Amino acid sequence: MTEPFRLAELPRLSRSTVDRDEQVRTEPARLVELWRDGRVILLDSLGRTPVLPGGTALAVRPASGDLPADAVLLGQHDGVGYWALPHDEELREGEPDAAWGRWAGGISADGEEWHDLRVAGAALDDMSAGLFTTAVALANWHGRGRFCANCGASTARENGGWATRCPNCGREEYPRTDPAVICLVHDLDGVNGSHVLLARQPIWPPERYSVLAGFVEAGESLEACVAREIREEVGLAVSDVRYLGSQPWPFPRSIMVGFAARAARADRDAPVRPADGEIEEANWVSRTEVRAALAAGGDIPGLRLPGPTSIARQMIAGWATVDR
Ligand SMILES: [Zn+2]
């Protein structure tokens, strides 16, 4: 019997391997020790970091000097502390990434290439991908959380960068994550359907299509959000909402929670009604066509799939490679 499809593989930004060791964050003497022999991941103001030639590992630096106030402990590996540190390097701006149409890399004076996580993340090894993802998540939280949400005073960092405290009213805050659902909708043909609903947003590069996604609202369950987003974006009712997996997406602070759902067969014959502005076009695409795009590396004329760093790619590849 055919099994329900799964993700093709663990999403590329979910491969964290360092030990986060929450306890050590509250021990100032240990933090100083971990800095002294530590390794540092630099991030520029756009969240880019230097990547070694070949693209599989980050170009980490040895720590030097005293522990900076804005250093964040990402975790430990083999007894070595890994830190993130903001660093503005003079970079020569490169071309936007071909697959995304955005997020250009930069090249430093000594030829080092600095990359965006969305562009470089898929090719990095597990440890580098996890470190870079956590570094970007914490940098984006600190960048947007410098003032107390209660009284407006400037906050101070604590716990190796994993908390802030307001010196005025004492309010504590921890890194925030906003859940967003992303759902692969297929038709009722067999267990996994024969067609998948792929849509595009007007801001995407031409011919780029993906599955539907949206932010979870306050007071809403993930399953209810899936049904609401699909109804709002393309006017379809779905059933059998099923969890697939998740991936951090720290731009600026999301986690993508992946689901599968089934639309009624009658709906495949009915016109799909894209929401004004948000969705430009939505179509039922056959497994044969998706397989052809995957076999060609993700792009064929008329159908460019989401890039390999996204959970959407793992969802679509997982769906395409099973039988219906
Ligand atoms: Zn306060």
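Each remark here, short or long, concerns the structure printed above.
Residues numbered from 1 in each chain as written. Predicted model: local features only at pLDDT ≥ 70, side-chain atom pairs only at ≥ 80, totals over all residues. Heavy atoms only, no water.

(A) Focus on the overall build of the protein. Helix and strand counts for the protein come out as seven helices and 19 strands. Relative to a compact globule of 324 residues, whose C-alpha radius of gyration would be 20 Å, the protein shows 22 Å and is just as compact. Expressed along its principal axes, the backbone C-alpha trace of the protein runs to roughly 65 × 45 × 40 Å. When burial is assessed residue by residue, the protein has 49% of its 324 residues classed as buried. Taking contacts inside the protein between residues at least 6 apart in sequence as the whole, the part at least 24 apart equals 64%. (Helix = DSSP H or I, 4+ residues; strand = E, 2+ residues; numbered from the N terminus. Rg over C-alpha atoms; globule rule 2.2 N^0.38 Å. Buried < 20%, exposed > 50% of the residue type's maximum accessible area, 1.4 Å probe, protein only. Contact = heavy atoms within 4.5 Å.)

(B) Representation of the layout of surface pockets in the model. Of the voids in this model, the largest pocket is the one considered here, and its volume is about 820 Å³. Looking at the largest pocket, it is lined by 32 residues, and the ones nearest its centre are Gln201, Trp204, Ala213, Trp249 and Met256. Taken together, the elements giving at least two residues each to the lining of the largest pocket come down to β12 (178–186), β13 (195–200), β14 (212–215), β16 (254–263) and α7 (311–320). In terms of residue class, the lining of the largest pocket is built from 20 nonpolar, six polar and six charged. Lining the second largest pocket are 32 residues, and of these Leu43, Asp44, Ala139, Asn140 and Gly143 sit closest to its centre. Elements supplying a minimum of two residues to the lining of the second largest pocket: β5 (80–86), α2 (117–120), α3 (126–144) and β9 (156–158). For the lining of the second largest pocket, the leading source of residues is α3, giving eight residues. Here the lining of the second largest pocket is built from residues that sort into 15 nonpolar, nine polar and eight charged. (1 Å grid on protein atoms, 1.4 Å probe; cavity = no way out; pocket = protein on both sides within 12 Å on 5 of 7 lines; lining within 4 Å. Points joined across faces, edges and corners; volume = space filled by probe spheres on them. Nonpolar A, V, L, I, M, F, W, Y, C, P; charged D, E, K, R; others polar.)

(C) Representation of the packing of helix α6 (residues 287–295) against α7. Taken N-terminus to C-terminus, the directions of α6 and α7 make an angle of 120°; their axes are 9 Å apart at the nearest point. Here α6 lies oblique to α7, going by the angle between them. The two elements α6 and α7 cross, and the hand of that crossing is left-handed. Two secondary-structure elements touch here, α6 through Arg287, Val290, Arg291 and Leu294 and α7 through Arg313, Ile316, Ala317, Trp319 and Ala320. (Axes fitted to C-alpha atoms, helices over the stretch in contact; angles between N-to-C directions. Parallel < 35°, antiparallel > 145°, perpendicular 65-115°, else oblique. Left-handed = near helix turned anticlockwise from the far one by under 90°.)

(D) Quick look at the environment of Thr26. Inspection of the secondary structure puts Thr26 in the segment before α1 (28–36). You can call Thr26 partly exposed: its relative accessible area is 46%. Expressed as a C-alpha distance, the spacing of Thr26 and Trp162, which sit 136 residues apart in the sequence, is 9.5 Å. Among the polar contacts listed, one links the side chain of Thr26 to the backbone oxygen of Gln23, at a separation of 2.9 Å. (Polar contact = N/O pair within 3.5 Å; in protein donor to acceptor, adjacent residues only side chain to side chain.)

(E) The nonpolar core, seen in detail. Within the largest apolar cluster, 50 residues are counted, with the highest numbers of intra-cluster contacts made by Leu198 and Val290. The element that contributes the greatest number of residues to this core is α3, accounting for eight residues. Once residues lying within four places of it in the same chain are set aside, the contact partners of Val290 are Val196, Leu198, Val285, Leu303, Leu305, Ile316, Trp319 and Ala320. One finds Cys183, Ala199, Leu212 and Phe259 within the second-largest nonpolar core, a separate group that totals 21 residues. (Core = buried A, V, L, I, M, F, W, Y, C linked by side-chain atoms within 4.5 Å.)

(F) Representation of the pattern of salt bridges in the model. As enumerated under the stated definition, the model contains 19 salt bridges in all. One salt bridge connects Arg118 with Asp116, and the closest N-O pair in it is separated by 3.0 Å. For the salt bridge of Arg165 with Glu158, the shortest nitrogen-to-oxygen distance reads 2.8 Å. Taking relative accessible area as the criterion, Arg165 reaches 32% and is therefore assigned partly exposed. Here the salt bridges share partners, and the residues they tie into one network are Glu217, Glu220, Arg228, Glu229 and Glu232. (Salt bridge = Lys/Arg side-chain N within 4 Å of Asp/Glu carboxyl O.)

(G) Broad picture of the pairing of β16. For β16, the tally of buried residues reaches nine of 10 residues, placing the bulk of the element in the interior. The pairing of β12 with β16 spans nine bridges and is parallel. Among the inter-strand pairings, Pro179 is bridged to a residue of β16, identified as Ile255. By the bridge criterion, nine bridges tie strand β15 (residues 238–249) to β16 in an arrangement that is antiparallel. (Pairing = 2+ DSSP bridges.)

(H) Broad picture of the coordination of the zinc ion. For the zinc ion, every protein donor is listed as Cys148 (SG), Cys151 (SG), Cys166 (SG) and Cys169 (SG), and the spread of their distances is 2.3 to 2.4 Å. Every donor counted, the four donor atoms about the zinc ion form angles of 98 to 121° at the centre, which fits tetrahedral coordination. Positions of the donor residues of the zinc ion, expressed as sequence spacing, correspond to C-x2-C-x14-C-x2-C. The class for Cys151 is partly exposed, based on a relative accessible area of 35%. (Donors = N, O, S within 2.8 Å, 3.2 Å for Na, K, Ca; no water. Tetrahedral: all angles 85-135°; square planar, octahedral: opposite > 155°, others 65-115°.)

(I) Summary view of the sheet that holds strand β4 (residues 72–77). Taken in spatial order, the four strands of this open sheet run β3-β1-β5-β4, and their pairing is mixed. Edge strands, defined here as strands with exactly one partner in the open sheet, are β3 (61–62) and β4. Against the sheet, α1 makes contact with β1 (39–43), β4 and β5, and its axis sits at roughly 85° relative to β5, the strand it touches most. Of the strands in this sheet, β1, β4 and β5 touch α3, which is tilted by about 160° from β4.

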